[in-house]
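Results of the structural survey
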Amino acid sequence: DNALELRNSLIGEVSGFGDQELSDKLKGALARYEDIKNAYRRRQEQIRREQEARREQARREAQARREQEQVVAVRGWIADFRRASQEARWSDCTLLKGRIERVIGSISDPSVREEYQGAVEYYNTCQDAQRTRQRQEAEQRERQERERQALARQEAERQVREAEQARRREVRNRYIVESLSGGGECFCLHYYYKTSHGAVSDGDQRTRNLVFAFKDKFHNKSIFEINRARSVFSDEVSTLLKKLYGDSIGDVWFCTAQASTPESADRRFKAFCEKVSAACGVNNGYELIEVTGTKLSASTEGGVRGDISNLSISSAVVGKKIVLFDDIITSGKSMSNLRSALLAKGASSVDCVAFGRTV
């Protein structure tokens, strides 16, 4: 600043000097001043640029250190991300993935992004593998559950069969069993002796009188005797059915072999079916077999033994377990034919029961 002020004052006074030599020296000094000043300015600019260069270098070095630290951190997170993927710690994977993606865009090293891309692919592979395992495990559990249920059903069915077989053995030991010509068997409560048989025991006479009263045909029985016979039939048949079917009795439909005319069928069996159903819990199947015409008696009217042409079977028997009842069987032909017809119509099973077996 002082040199500049002195220069300016000398420049103003140099014209007043009369001494040419002095004037030339002054001009030379001023020229050197300009050279020195210009050199100084160049040096200052150089120093400034050097300082800026050092600062830029320091900044780049600091940035490089920060990036290197980020690279180390991100690579650590990528390694953690891989381990979490391998161990199926999906919540940790989500946190690490978010952390990595927040900073990886500022990293210039392409190898880090390649490592991360590989880790993401591994993560997706692990997720796919786990989903596959879970699906396979779920399918295996379902198979095992189906197998368990199938075994349980088989065991339950086996127990039901054994219980049914035991009940049937008990019924066979307790009651009269008659084999039917068309297959199957009929469980009979009593032997029935015709009047032509001659003298019979008091018990057999009681059975005969009950049959006469139940049939209410040509025997002039009183209403009291008829109702009593039907009550005895109902009680004894209900007891047999409960022994035969046990807890599954609610799945069975109680039907009758009906009678020779619609009127006699209604009179003899309609209320009787209702009574048996109420007594033991069997389903009332009276409507499943309908008398549509008249059948002649084979023994007294010249009819054909085993004829069931006057009976119509409802399509509702399909899939049903039927117990077929008749008051008396002799040859068992009608019972056998009706049983076969029910099975042909679609009944799942047919058991036969009679109050008396003709001797």
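1. So, the overall build of the chain
- Across its full length, the chain carries 8 helices and 8 strands.
- By residue count, 33% of the 359 residues in the chain fall in the buried class.
- When contacts within the chain are restricted to residue pairs at least 6 apart in sequence, long-range pairs at least 24 apart make up 67% of them.
- With the model as given, the accessible surface of the chain reaches about 21500 Å², and the carbon-plus-sulfur share is 48%.

2. With respect to helix H6 (residues 223-245)
- Across its 23 residues, H6 extends 32 Å between first and last C-alpha, which sits within 8% of the 33 Å expected from 1.5 Å per residue.
- Buried residues of H6: Ile226, Ala229, Arg230, Val232, Phe233, Ser234, Val237, Ser238, Leu240, Leu241, Leu244 and Tyr245, and no others.
- A positive backbone phi angle near 55° is found at Gly246, which sits one or two residues after H6.

3. Some details on unusual backbone geometry
- In this model, Ala88 sits at a positive phi of 60°, which is unusual for a non-glycine residue.
- Mapped onto the elements of the fold, Ala88 is located in the loop between helix H2 (20-86) and helix H3 (90-103).
- The partly exposed category is assigned to Ala88, whose relative accessible area is 25%.

4. Quick word on the side chain of Thr256
- As for its placement among the helices and strands, Thr256 is situated in strand E3 (residues 252-256).
- If we ignore the near neighbours within four places in the chain, the residues touching Thr256 are Phe269, Cys273, Tyr286, Ile289, Leu324 and Phe325.

5. Thoughts on the packing of helix H4 (residues 110-174) against H6
- At a minimum axis separation of 7 Å, H4 and H6 run at an interaxial angle of 145°. On the side of H4, the interface is formed by Arg167, Arg168, Glu170 and Val171, while H6 contributes Lys243, Leu244 and Tyr245.
- In terms of residue class, the contact of H4 with H6 is built from 3 nonpolar, no polar and 4 charged.

6. Some points on the sheet that holds strand E1 (residues 176-179)
- Strand order in the open sheet formed by 6 strands is E1-E2-E8-E7-E3-E4, and the pairing between neighbours is mixed. Looking at strand neighbours, the two that pair on one side only are E1 and strand E4 (283-284), the edges of this open sheet.
- The sheet contacts of helix H5 (residues 202-215) involve strand E2 (185-192), strand E7 (321-329) and strand E8 (349-358), and relative to E2 the element is tilted by about 110°.

7. Quick word on the side chain of Arg230
- Summarising the element assignment, Arg230 is placed in helix H6.
- Residue Arg230 is classed as buried on the basis of its relative accessible area, which comes to 15%.
- Non-local contacts of Arg230, meaning those with residues more than four positions away in its chain, are made with Phe214, Asp216, Arg267, Arg268, Phe272 and Lys275.

8. Structural notes on the nonpolar core
- The biggest cluster of nonpolar side chains holds 57 residues, and the ones touching the most others in it are Leu241, Phe254, Phe272, Leu324, Phe325 and Leu342.
- Sort the elements by how many residues they give to this core and H6 lands first, with 8 residues.
- Contact partners of Leu342, with chain neighbours within four places excluded, come to Ile289, Ile313, Val317, Ile322, Leu324, Ala347 and Val350.
- In this structure, Ala84, Val112, Val120 and Tyr123 belong to the second largest nonpolar core, which totals 18 residues.

Cut-offs applied
- Residues numbered from 1 in each chain as written.
- Predicted model: local features only at pLDDT ≥ 70, side-chain atom pairs only at ≥ 80, totals over all residues.
- Heavy atoms only, no water.
- Helix = DSSP H or I, 4+ residues; strand = E, 2+ residues; numbered from the N terminus.
- Buried < 20%, exposed > 50% of the residue type's maximum accessible area, 1.4 Å probe, protein only.
- Contact = heavy atoms within 4.5 Å.
- Areas by Shrake-Rupley, 256 points an atom, 1.4 Å probe, with all protein chains shown as cover.
- Expected span 1.5 Å × (residues − 1).
- Axes fitted to C-alpha atoms, helices over the stretch in contact; angles between N-to-C directions.
- Nonpolar A, V, L, I, M, F, W, Y, C, P; charged D, E, K, R; others polar.
- Pairing = 2+ DSSP bridges.
- Core = buried A, V, L, I, M, F, W, Y, C linked by side-chain atoms within 4.5 Å.

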